[in-house]
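# Geometric and topological summary
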Protein chains: 6
Amino acid sequence: MYLELYLQEDSGFGDITSDTLFTDEKVKAVITSNSDCLVAGVEEVEKLFKLFDLEVKTKVLDGARVTKGTEILSVAGEARSVLKCERLALNILMRMSGIATATNDLVRRCRKIEPDIKIAATRKTTPGFRYFEKHAVVIGGGEAHRLSLSDAIMIKDNHLKIIGSIEKAMAKFNSEKSTTKVEIEVTTKEQALEAARVGADIIMLDNMTPGQVKEIGAEVKRLRPQTILEISGGITPDNIEAYVPYADMISLGWLTHSTPAKDFSMEVV
Amino acid sequence: MYLELYLQEDSGFGDITSDTLFTDEKVKAVITSNSDCLVAGVEEVEKLFKLFDLEVKTKVLDGARVTKGTEILSVAGEARSVLKCERLALNILMRMSGIATATNDLVRRCRKIEPDIKIAATRKTTPGFRYFEKHAVVIGGGEAHRLSLSDAIMIKDNHLKIIGSIEKAMAKFNSEKSTTKVEIEVTTKEQALEAARVGADIIMLDNMTPGQVKEIGAEVKRLRPQTILEISGGITPDNIEAYVPYADMISLGWLTHSTPAKDFSMEVV
Amino acid sequence: MYLELYLQEDSGFGDITSDTLFTDEKVKAVITSNSDCLVAGVEEVEKLFKLFDLEVKTKVLDGARVTKGTEILSVAGEARSVLKCERLALNILMRMSGIATATNDLVRRCRKIEPDIKIAATRKTTPGFRYFEKHAVVIGGGEAHRLSLSDAIMIKDNHLKIIGSIEKAMAKFNSEKSTTKVEIEVTTKEQALEAARVGADIIMLDNMTPGQVKEIGAEVKRLRPQTILEISGGITPDNIEAYVPYADMISLGWLTHSTPAKDFSMEVV
Amino acid sequence: MYLELYLQEDSGFGDITSDTLFTDEKVKAVITSNSDCLVAGVEEVEKLFKLFDLEVKTKVLDGARVTKGTEILSVAGEARSVLKCERLALNILMRMSGIATATNDLVRRCRKIEPDIKIAATRKTTPGFRYFEKHAVVIGGGEAHRLSLSDAIMIKDNHLKIIGSIEKAMAKFNSEKSTTKVEIEVTTKEQALEAARVGADIIMLDNMTPGQVKEIGAEVKRLRPQTILEISGGITPDNIEAYVPYADMISLGWLTHSTPAKDFSMEVV
Amino acid sequence: MYLELYLQEDSGFGDITSDTLFTDEKVKAVITSNSDCLVAGVEEVEKLFKLFDLEVKTKVLDGARVTKGTEILSVAGEARSVLKCERLALNILMRMSGIATATNDLVRRCRKIEPDIKIAATRKTTPGFRYFEKHAVVIGGGEAHRLSLSDAIMIKDNHLKIIGSIEKAMAKFNSEKSTTKVEIEVTTKEQALEAARVGADIIMLDNMTPGQVKEIGAEVKRLRPQTILEISGGITPDNIEAYVPYADMISLGWLTHSTPAKDFSMEVV
Amino acid sequence: MYLELYLQEDSGFGDITSDTLFTDEKVKAVITSNSDCLVAGVEEVEKLFKLFDLEVKTKVLDGARVTKGTEILSVAGEARSVLKCERLALNILMRMSGIATATNDLVRRCRKIEPDIKIAATRKTTPGFRYFEKHAVVIGGGEAHRLSLSDAIMIKDNHLKIIGSIEKAMAKFNSEKSTTKVEIEVTTKEQALEAARVGADIIMLDNMTPGQVKEIGAEVKRLRPQTILEISGGITPDNIEAYVPYADMISLGWLTHSTPAKDFSMEVV
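## So, the packing of helix H8 (residues 189-197) of chain F against helix H9 (residues 210-223) of chain F
All names here are of chain F. Between H8 and H9, the shortest axis-to-axis distance is 9 Å and the interhelical angle comes to 20°. Compared by their axis directions, H8 and H9 come out roughly parallel. For H8 against H9, the interelement crossing comes out right-handed. Where H8 abuts H9, its residues Lys189, Ala192, Leu193, Ala196 and Arg197 lie against Glu215, Ile216, Glu219, Val220 and Leu223. Of the residues assigned to the contact of H8 with H9, the class counts are 6 nonpolar, no polar and 4 charged.

Laid out in structure tokens, this is it:
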């Protein structure tokens, strides 16, 4: 459904250049990586080309590390169909590979410090493209985290301001016997300890320094050892390592809202 | 239509946290910029909140330069509706403001060198979010350039490989008397001069050094002074200034595929 | 978005009766319950009428127990709009109240036996109407359980057949540090104990007798006390009580695929 | 279009269990009936699987009576695709077969009393799933009746309250020369006779006892023999037989809003 | 839903002229008829403007005969919104009024000859715009006839070729006791008489001369007086009158596929 | 996406005639032209049939001149699928061929007078069907002209009324260095000359007599020779020739809003 929407977006009234230049020419084209990266999006691009009955041969699977110049796939069939898909195919590959590579780089760096650390995305994704971005994070070795407001419980600052206290909020959930974990976002030590006392499965320490995280995290774990400690808020590749020793999971909006894309190109051969 | 799709994406089965916590509480919330930036997306966010009959007061218009901490707008009404829109509103603002700020920064830097230079986007946008990204470029002072394959003629390398020559391709168009300009992408001096000879309105020099651009651009202008010279391919904020003196327009996929987002937050007050 | 689809389904080419009979008559109409029930769907019906700028006064909130003849809401405005919405409004109320009432009846019966027991729905919902059905279960005091394949991990018999063993499957998940609980469906004591050993958060005993559940459940809890025991498969209002003492949660497809609707009607006054 | 919506509903962000467990495994699976029933939905399920290029072999056609344990179809191909479709396929079969079986049971019981009697559905269907439910009724030997407000004229109580009288309403239609029959719903003998006098093609006696139906029906037929007498309102399998001798057609919302589903399951083999 | 699709079609990436020229100017504009016609589409255009919160004052109702220069409605509000709707509003009015006027002209001409004659549309409508075209026919005094393949039974030549005979086809329907009339399209006298014998409610004489219609129609009526005789196939305003004396209904694809539009314009005042 | 919408429009609840008459019969059918025309729509119709896995053999390509009785294509496969597509296929062919033929007739007539003249469509298309209509114009040898408000800049009378003057409007655009041409619609000589002075690429003389066009056009060309002169407003096949000598391009709403369709039919063989 999404692929059809994207096609509508890029060629709703047809491709006025190719439709004028070509009739029924057949071509073969090759998609190549223009930089070293971890590739993501191959499966989606294959689906795209198949909507037009094009023949696709993939040379590389999602999740593979490739070097600059690696052929990712070849596609053959109607010239007009190949060219109509070109930009969309590359846009999907570029963004997904950018996110997957950045995720994987972080995962590898952080796991050198703490082998069990999890690196997760947030809901700070591009509207209309979330599935692809979350999927890229997973391909890169990260966690998708909450996919939408419908699939996980997260009690955040604005909830607490309205309802008054963590205790009142938690009274509405019963995580121990629930199929869903309950996560609470906290910004102070007092809140963190209250969240632990009321039995939050996941406590997200928001916008804290590594020092605060170290201290508060330790107290939380003492109070409730099974708590998952998630760090979030202002984390970037520059400061992430300082947090790793004190966290079970680190989530970064950065992965989906500010990672640069990786370059790919398609050449008719 | 897009806003409804985005809402479906972020809360297709409802907001299971807020729907459990709240019934009919009313709140007021404020959206604030967390960094200096040129704001874009206010008009779209206002439309979003109005879908839920929320009352919006905008303090800043699209295109304004704001400092960190500036209040962008306030919104009031049903708590559940405000919170349901929160993330989507911020995602729109973050991305659009990131792109608009980066565009504007480039426009200002480049216009110090050449006051008439145009900075343009490409079709390297996020699938499903193109309208918002192109609109952000325009708010930032840039050019939207081709919106889709349907609205402008651009003859690129793959077209030429299939059809054989620029001359053959141009024979299918008659730009002088057409409502649409014809653009040709070239990678060599020979192609550039041929494109000028056949009357291309816009010649895009692809992936060249500033030196090549200087030399080829001059020859093209000598041959056909009214040609618009567009430079593209591998342009980034780091190398753009070297191209400015020799170009009418510089287009960068970077504006929409690799600019970092700007941070905004919403607080219930 | 769903309400608009449903309207398209019921009056895609207009209402050929009312469009012929009426021009701009204004009416007031009242929706009444024709049986004792727990009402669900009021909020959705209110949204529906508001799409047509009709004035709605709700007399009863979602979740209220009402007796036959209770007025649920009144609606006033254009006759053609009121009549165009009539059937859809009633269809939503009928189904949602049927499900909510049946859920609530079960919850109350079962909680007399075990006050903490949870009654949950499954994914056996009507295609195209799931959100409303899951929401009705929640209004009735039940659990929505997994909303879609995207929001929770459940390893079922067919997964195990393909992958070979519970252990191999669980090796791909790490529930302790995950934001999502992991559920495994088992059909034998051996599987149940293996699932407990590998750390499943939720073990679903599928298609067992109360006797089997009692025995296996006890062994599972001995092995791993924090496991949530879910019973499913062939549970109906007739046999549910025998399972209650041995379960943390009982899930029934019956709630959404076989509960009778509750009758409501709308009268112009 | 509907199948794609249903897939979006059940796996909008992918199948997070199977997508983690599997890559490109191939499987074969078999769908089996778990009870005696009249099967409906096979054709739709086949279309669903074909969206994923799965190979389907149907063993039973829509409309067949099967016993518990009968294999309905087999499907083969990508494991992830088969499992993604599993629940939706079963949900379609369960509901459609439930409705088709119930319809067929009623048709057979009633036709023993009156061989020409027609059993019809109403517009009391599940929003978003009407086509499938109406189609199931037809497969079961019943009549779809009015598909939407757009395709048949039915003058109901609320219309009459607004317009004042049956005569005034009928003045707007001219059934004798129309391509569409005109149906009037009546609740009293006076209304029924007036409807006959003004030439209604179908008179629906709403919420009457068998005794009333017998008497009023006879008078209507005397006045206008070609009238189709439809009985509706509160008809269930428990009371339907008492109405059969006096009716041309009996319509029941019960067929689509309160029939239990039939159980089917899918096993990987 | 359709209006939003049409807006997407005409301004998917915004209105690049008005969006550049204007910010928040307010305007009032007036829509005027540029020819004598019967107006249709006012109600739809009003709905369109209201999607943008514009204030509309209609001066003329659907179905009114107006002279050139008559003001149809005025609209006031945001300049950008008014201009974004301008062309779509006019396109709707032009086409619907063209069809409604042509229909009404034919209805009036034909009813001078035979006051009870019905003039009907066919399914030869513009894809994507059928509801509006059928509605225009009704506003003009004609019959919508079959809205889609879903709402009426019509046995045509291709059906008969496949199934073998009218008798075999009719055996599958039982019109007398059905809520839907059955129509059969015939091209010879033999077919017409067979259709009458098997009890077709409506017999459509396809592509015959007035003389053939006169003769065959009379025989059909003798055989089965209540049959509705419909004439179709090649009927235009030029030859329609010759058929009127022998028909109950005349249907013309011409009404929706070949009527010229009526001109309207919108002026900012 | 559009084809699926059109199918939904024509058979949302199935084809109740064919679904009753047929099960899995296979047929072959042939589409034939019933008049001399220039064929357009073949490619679209082929796509339509392929959605249903029907086998299509095209005998004639888009743009071919055919005589009455020419076979356009044959289609083979499931009877129910062929019949479900029949009307939609013919509706597409009829309208597109009607527009393409009318366009081509005008192009040929006008090019006898002035070989370089361009004949263009406008945005006066049928809502929901624009792509097909614009495409038909192109197949007929005409120009699509502006596809939507998003892809070209056209300053019209209502813009000028709001902004005050052509000069003020043009100050917002800089056509010389833009990728898009700027068009201004004028109604007086003064406006035309001002438009030329400010550098409009295209000046559209609206609603003028041939005499006015001759005089004003000459002055405009003297002032700015490269201006494209477009004539529009009230142009029909009856008056077009008088304008040809003085225009670069003539655009007519007539091409898409008032051309009669061409007749095609489909016969099972």
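## A look at the interface of chain B and chain A
Tallying the contact residues gives 66 residues for chain B and 66 residues for chain A. Ranking the residues of chain B by area buried against chain A places B:Glu9, B:Pro127 and B:Leu149 at the top, with a combined share of 13%. Residue A:Asp10 pairs with B:Arg123 through a salt bridge whose shortest N-O separation is 2.6 Å. On the surface where chain B and chain A come into contact, there are 46 residue pairs in polar contact (both at pLDDT 80 or more). Ranked by residue count, the leading element in the side of chain B that touches chain A is helix H4 (residues 79-113) of chain B, at 10 residues. Residues of the side of chain B that touches chain A, tallied by class, amount to 29 nonpolar, 18 polar and 19 charged.

## Some words on the interface of chain D and chain C
In this assembly, 66 residues from chain D lie in contact with 66 residues from chain C. Across the interface of chain D and chain C, roughly 5,500 Å² is buried in total on both sides, 57% from carbon and sulfur atoms. When residues of chain D are sorted by the area they lose upon contact with chain C, D:Glu9, D:Pro127 and D:Leu149 head the list and together hold 13% of the total. On inspection of chain D and its partner chain C, the count reaches 6 salt bridges. Put simply, C:Asp10 and D:Arg130 hold a salt bridge, and the shortest N to O gap is 2.5 Å.

## A short note on the sheet that holds strand E11 (residues 249-251) of chain A
All names here are of chain A. Read from one edge to the other, the open sheet built from 6 strands follows the order E6-E11-E10-E9-E8-E7, with strand pairing classed as parallel. Of all the strands in the sheet, just strand E6 (118-120) and strand E7 (153-155) have a single pairing partner and so form its edges. The average angle at which neighbouring strand axes cross in this sheet is 25°, direction not considered.

## Remarks on the packing of helix H1 (residues 2-11) of chain C against helix H4 (residues 79-113) of chain C
Residue and element names in this part refer to chain C. The contact between H1 and H4 brings their axes to 10 Å, and the two run at 120°. For the element pair H1 / H4, the angle class is oblique. Of the two elements, H1 crosses H4, and the hand of that crossing is right-handed. Where H1 abuts H4, its residues Leu3, Tyr6, Leu7, Asp10 and Ser11 lie against Lys84, Arg87, Leu88 and Ile92. Across the contact of H1 with H4, the residue classes break down as 5 nonpolar, 1 polar and 3 charged.

## Some remarks on the sheet that holds strand E8 (residues 182-186) of chain E
Residue and element names in this part refer to chain E. Spatially, 6 strands are ordered E6-E11-E10-E9-E8-E7 in an open sheet, and the strand pairing comes out parallel. The two strands at the open ends of the sheet, each matched to only one other strand, are strand E6 (118-120) and strand E7 (153-155). Averaged over all pairs of adjacent strands, the angle between their axes in this sheet comes to 25°, without regard to strand direction. Where E7 meets E8, 3 bridges bridge the pair, whose relative direction is parallel. Following the sheet pairing, Ile153 is matched in E8 by Val182.

## Here we look at the relation of the copies chain D and chain C
The transformation that overlays chain D on chain C combines an axial shift of 0.0 Å with a rotation of 180°, and the residual RMSD is 0.0 Å. This pairing of chains is accounted for by a two-fold axis. Of the C-alpha atoms belonging to chain D, the one lying closest to the rotation axis is found on D:Gly128, 2.4 Å away. Looking at the interface residues of chain D, 100% of them are also at the interface in chain C, so both copies use one shared face.

So, how was this worked out
Residues numbered from 1 in each chain as written. Chains lettered and ligands numbered in written order. Predicted model: local features only at pLDDT ≥ 70, side-chain atom pairs only at ≥ 80, totals over all residues. Heavy atoms only, no water. Axes fitted to C-alpha atoms, helices over the stretch in contact; angles between N-to-C directions. Helix = DSSP H or I, 4+ residues; strand = E, 2+ residues; numbered from the N terminus. Parallel < 35°, antiparallel > 145°, perpendicular 65-115°, else oblique. Left-handed = near helix turned anticlockwise from the far one by under 90°. Contact = heavy atoms within 4.5 Å. Nonpolar A, V, L, I, M, F, W, Y, C, P; charged D, E, K, R; others polar. Buried area = accessible area lost by both parts, 1.4 Å probe. Salt bridge = Lys/Arg side-chain N within 4 Å of Asp/Glu carboxyl O. Polar contact = N/O pair within 3.5 Å; in protein donor to acceptor, adjacent residues only side chain to side chain. Pairing = 2+ DSSP bridges. Least-squares fit on C-alpha atoms with pLDDT ≥ 70 in both.

Geometric values such as these leave the question of function open.
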